[in-house]
Amino acid sequence: MAQKSLIERLKVLADAAKYDASCASSGTSKRDSLNDRGRGGKGIGSTEGMGICHAYAPDGRCISLLKLLLTNHCVFDCHYCVNRKSSNVERARFTPREVADLTLSFYKRNYIEGLFLSSGIIRNSDHTMEQLVETARILREEHDFRGYIHLKTIPEADPEIVRRAGLYADRISINVELPTDAGLARLAPDKNAHRIDGAMGAMRNAIAEGRDAKKRFRHAPAYAPAGQSTQMIVGADGASDADIVSRASALYGRHRLRRVYYSAFSPIPDASAVLPLKRPPLVREHRLYQSDWLMRFYGFSPAEVADAAGADGMLPLDIDPKLAWALKFRDSFPVDVNRASKEALLRVPGLGTRGVAQILSARRHRALRLDDVARLTVSVAKLRPFIVTADWRPVTLIDRADLKALVAPDTGRQLDLFA
């Protein structure tokens with residue numbers, strides 16, 4: 001059989017990487033551009049291209065990454081994976097040097113600002129992990145590449161090889177794959193939940209040691225400065241939203257993750273009979289991200305997010321979880337915007353972190369009226385039942401039986417995070 005050309009392999013392996021959602025490059029400072037003579041040069045990201053994905057940093061910058069698999073050959077047979085051993089898909093493979101050359105070619109043309117690299121398991125976990133690390137080593141040591149690198153590591157590999165990945169990568173990710181251990185055992189029999197958790201714990205310790213060394217020794221190398229992340233597949237097993245939220249919170253607390261990514265299960269060709277026939281609604285993935293934000297930035301506990309769910313543990317799809325919680329716990333409202341604490345204001349549906357910060361700043365100088373609050377939100381009509389201002393009090397509005405219909409978003413419009 002004739003060897004596939006570089007472009008043919010790029011098509012296969014870029015397409016195979018599209019199922020991985022955890023390729024965001026936020027959380028790290030920008031490195032010097034390779035072909036800029038000065039420091040702090042900025043590249044220009046392409047808006048389209050084979051294997052190029054777009055991630056958004058917290059400051060709103062769009063960052064382009066070359067997103068590839070080293071290979072889609074795999075000795076594992078995870079039921080939900082399109083690249084599993086028993087899957088009838090076209091296979092291809094890059095060498096570490098080919099990936100490095102591709103990355104440099106794209107980078108020098110200002111198509112990308114970095115690399116996201118994952119892989120199927122070839123031969124065994126140790127060999128595959130060595131190939132991933134070698135790719136990053138070639139870029140960093142042989143070419144002095146200063147762009148962003150995100151490596152997807154393999155928890156079954158030797159811990160020392162996984163640890164070396166952090167010397168070259170800005171971010172490390174180790175996927176927990178599924179929200180429950182039972183789901184992982186049933187759908188990914190080659191993976192071990194305890195081994196995955198142990199690998200994440202070892203990476204957490206290595207990152208902490210690297211940061212401590214950086215504080216004590218001026219020339220200590222940066223070690224995974226953007227931290228580690230993980231990804232869960234949503235809808236492949238029977239885990240409820242409450243289960244997923246609880247697992248995500250535990251991972252944030254135990255391993256100090258930068259992000260947990262959620263990926264809605266997508267039916268694949270020649271799927272196993274144990275998988276659902278239909279994918280979950282994409283809006284479910286959206287609600288989980290909103291719940292993630294509630295825990296990370298709005299002071300909600302996992303139990304409080306679960307309280308917003310129904311009796312079956314599933315979050316409502318027609319309203320965001322913050323509004324769902326407010327409708328269930330109406331005794332917490334209305335909130336006086338001129339007197340309430342920051343924590344109470346963050347629980348008001350329709351108020352984001354920036355709006356709350358502006359309210360706290362403005363009320364130092366004068367009492368806020370409804371018109372003042374209206375300037376800080378998209379729809380003050382949806383705020384009215386939940387707030388008190390100098391010239392507004394909802395009276396019995398908060399107790400109306402049809403309150404949900406009054407404040408629920410128009411289903412014909414694009415969903416906002418929290419308005």
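In this report, the structure presented in the accompanying data block is examined.

Quick notes on the rules
- Residues numbered from 1 in each chain as written.
- Predicted model: local features only at pLDDT ≥ 70, side-chain atom pairs only at ≥ 80, totals over all residues.
- Heavy atoms only, no water.
- Helix = DSSP H or I, 4+ residues; strand = E, 2+ residues; numbered from the N terminus.
- Buried < 20%, exposed > 50% of the residue type's maximum accessible area, 1.4 Å probe, protein only.
- Contact = heavy atoms within 4.5 Å.
- Areas by Shrake-Rupley, 256 points an atom, 1.4 Å probe, with all protein chains shown as cover.
- Arc of directions from axis to C-beta.
- Pairing = 2+ DSSP bridges.
- Right-handed = clockwise from strand over helix to strand, strands pointing away.
- Core = buried A, V, L, I, M, F, W, Y, C linked by side-chain atoms within 4.5 Å.

### Observations concerning the overall build of the protein chain
Each helix and strand in the protein chain was counted, giving 14 helices and nine strands. Here the protein chain holds 419 residues, and 52% of them are scored as buried. Sequence-distant contacts in the protein chain: of pairs separated by 6 or more residues, those separated by 24 or more amount to 68%. Summed over all atoms, the accessible surface of the protein chain reaches about 19,900 Å², with 50% contributed by carbon and sulfur.

### Points about helix H12 (residues 353-362)
Regarding H12, the residues found buried are Gly-355, Val-356, Ile-359 and Leu-360. End-on, the buried residues of H12 take up no more than an arc of 135°, which puts them together on one face.

### Observations concerning the pairing of strand S6 (residues 228-234)
Counting buried positions over the seven residues of S6 gives seven, a clear majority of the element. Residues Gln-228, Thr-230, Met-232 and Val-234 of S6 are buried on one face, and the alternating residues Ser-229, Gln-231 and Ile-233, pointing to the opposite face, are buried as well. As paired elements, strand S5 (residues 171-173) and S6 share two bridges and run parallel to each other. The residue bridging Ile-172 from the neighbouring strand is Gln-228, located in S6. Crossover S6 to strand S7 (residues 259-264) through helix H7 (residues 241-255) is right-handed.

### Details of the pairing of strand S4 (residues 148-152)
Counted residue by residue, S4 has five buried out of five residues, so it is predominantly covered. Burial along S4 is two-sided: Tyr-148, His-150 and Lys-152 facing one way and Ile-149 and Leu-151 facing the other are all buried. Crossover strand S3 (residues 114-118) to S4 through helix H3 (residues 125-142) is right-handed. Sheet topology note: the S4/S5 ladder contains three bridges and is parallel. Looking across to S5, one finds that Lys-152 is bridged to Ser-173. Handedness of the crossover joining S4 and S5 through helix H4 (residues 159-168) is recorded here as right-handed.

### Focus: the nonpolar core
In this structure, Leu-68, Tyr-80, Met-129 and Phe-386 are the most contacted members of the largest nonpolar core, which totals 111 residues. Setting aside its immediate chain neighbours within four residues, Leu-68 contacts Leu-10, Leu-13, Ala-14, Ala-17, Phe-94, Val-99, Leu-102, Phe-116, Leu-117 and Ser-118. Core analysis: the second largest hydrophobic core is formed by five residues, Cys-53, Leu-65, Phe-116 and Tyr-148 among them.

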